[in-house]
Amino acid sequence: MEGKKKTGEIAVQDIALIGVMVAVIEVSKAALAFLPNIELTSFWIILFTLFFGWRILLVVPAFILIEGVIYGFGLWWVMYLYAWPLLALAVWLFRKQESVWFWSILSSVFGLMFGFLCSIPYVAIGAADGGGLIGGLTAGFSWWVAGIPWDIAHGVGNFVLMLTLYRPVRAAMKRFSFGTASK
């Protein structure tokens, strides 16, 4: 049957859409790179999860892989392996929400917690480096506390960007029938 897609197959349109989503995230990230900890990655992962459902399961890993290829596979990259999927999971769990305030707060909390999430590998490294659990917790805590001003900027930036862009971008995506999450 030529015209029908088998269950479990990804349509060509899905592959193209996934590529476009990854490109939008990368271009947005590059465009705002001159602003410390101000990014649209969180915004796009939230919107793309809400509008395109399961496709985010391919977008996030592709984004993370491309980030590694562009910037190198350092410790920061390991952090991306769980931080960005965690955001997509949180969005999926609350996908019925439509309030701009809800998404602004969630995006802000994610920005505020990003440094904490990224301190986890430092706990493991500190513990493995002979410091034991206390040494690991001290290393992770030190790393996190040193970055709190940047996390505040990240959280405020995420809040303002979501509050400003959520309604118009959501309306545009609805207008152009980009709401394919159920398909």
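Everything discussed here concerns the structure shown above.
To keep things clear, this report deals only with the structure shown in the data block. This structure is a prediction, so every number in the text was calculated from the model and none was measured.

### Considerations on the overall build of the protein chain
And step 1. Across its full length, the protein chain carries six helices and zero strands.
And step 2. Ordered by position from the N terminus, the helices and strands of the protein chain form the series α-α-α-α-α-α.
And step 3. Based on the C-alpha atoms only, the size of the protein chain along its principal axes is roughly 60 × 40 × 30 Å.
And step 4. Considering the protein chain as a whole, with its 183 residues, one finds that 39% of them fall into the buried category.
And step 5. Taking the intrachain contacts of the protein chain between residues at least 6 apart in sequence as the baseline, contacts between residues at least 24 apart amount to 72%.
And step 6. Counting only carbon and sulfur atoms, one obtains 73% of the accessible surface of the protein chain, whose full area is about 10,400 Å².

### Quick look at the nonpolar core
And step 1. Counting 40 residues, the largest nonpolar core has Ile 46, Leu 47 and Trp 84 as its most contacted members.
And step 2. Those elements giving two or more residues to this core turn out to be helix 1 (12-31), helix 2 (41-52), helix 3 (56-71), helix 4 (75-93), helix 5 (100-146) and helix 6 (148-175).
And step 3. With nine residues, the single largest contributor to this core is helix 2.
And step 4. Not counting residues within four places of it along the chain, the set of residues in contact with Ile 46 comprises Leu 87, Val 91, Trp 103, Leu 106, Ser 107 and Met 162.

### Some thoughts on the pattern of salt bridges
And step 1. In the structure shown here, the tally under the stated rule is three salt bridges.
And step 2. Its salt-bridge partner being Glu 67, residue Lys 29 comes within 2.8 Å of it at the nearest N-O pair. Highlighted residues: Lys 29 in helix 1 and Glu 67 in helix 3, separated in sequence by 38 residues. Like Lys 29, the residue Glu 67 is buried in the burial classification.
And step 3. The closest approach of N and O atoms between Arg 170 and Glu 98, which form a salt bridge, is 2.9 Å.

### Considering the packing of aromatic side chains
And step 1. For the coordinates displayed, the defined rule picks out 20 aromatic pairs.
And step 2. Measuring from ring centre to ring centre gives 6.5 Å for Tyr 71 and Trp 76, while their planes differ by 75°; the resulting arrangement is edge-to-face.
And step 3. Judged by relative accessible area, which is 27%, Trp 76 ranks as partly exposed.
And step 4. Summarising the aromatic geometry, the rings of Tyr 122 and Trp 143 are spaced 4.7 Å apart at their centres and angled 20° between planes, so their arrangement reads as stacked.

### What about the environment of Arg 95?
And step 1. Relative to the elements of secondary structure, Arg 95 occurs in the loop between helix 4 and helix 5.
And step 2. Since its relative accessible area comes to 37%, Arg 95 is described here as partly exposed.
And step 3. Residue contacts for Arg 95: discarding those within four places in its chain leaves Leu 50 and Trp 103.

### Digging into helix 5
And step 1. In a regular helix each residue adds 1.5 Å, so 47 residues correspond to 69 Å; helix 5 covers only 31 Å between its end C-alpha atoms and thus falls short of that length.
And step 2. The largest bend in helix 5 is about 145°, located at Gly 130.
And step 3. N-cap assignment for helix 5: the residue whose side-chain oxygen lies 3.1 Å from the backbone N of Trp 101 is Ser 99.

So, how was this worked out
Residues numbered from 1 in each chain as written. Predicted model: local features only at pLDDT ≥ 70, side-chain atom pairs only at ≥ 80, totals over all residues. Heavy atoms only, no water. Helix = DSSP H or I, 4+ residues; strand = E, 2+ residues; numbered from the N terminus. Buried < 20%, exposed > 50% of the residue type's maximum accessible area, 1.4 Å probe, protein only. Contact = heavy atoms within 4.5 Å. Areas by Shrake-Rupley, 256 points an atom, 1.4 Å probe, with all protein chains shown as cover. Core = buried A, V, L, I, M, F, W, Y, C linked by side-chain atoms within 4.5 Å. Salt bridge = Lys/Arg side-chain N within 4 Å of Asp/Glu carboxyl O. Phe/Tyr/Trp six-rings, centres within 6.5 Å; stacked < 30°, edge-to-face > 60°. Expected span 1.5 Å × (residues − 1). Bend = angle between axes of the 7 residues up to and from the residue. Polar contact = N/O pair within 3.5 Å; in protein donor to acceptor, adjacent residues only side chain to side chain.

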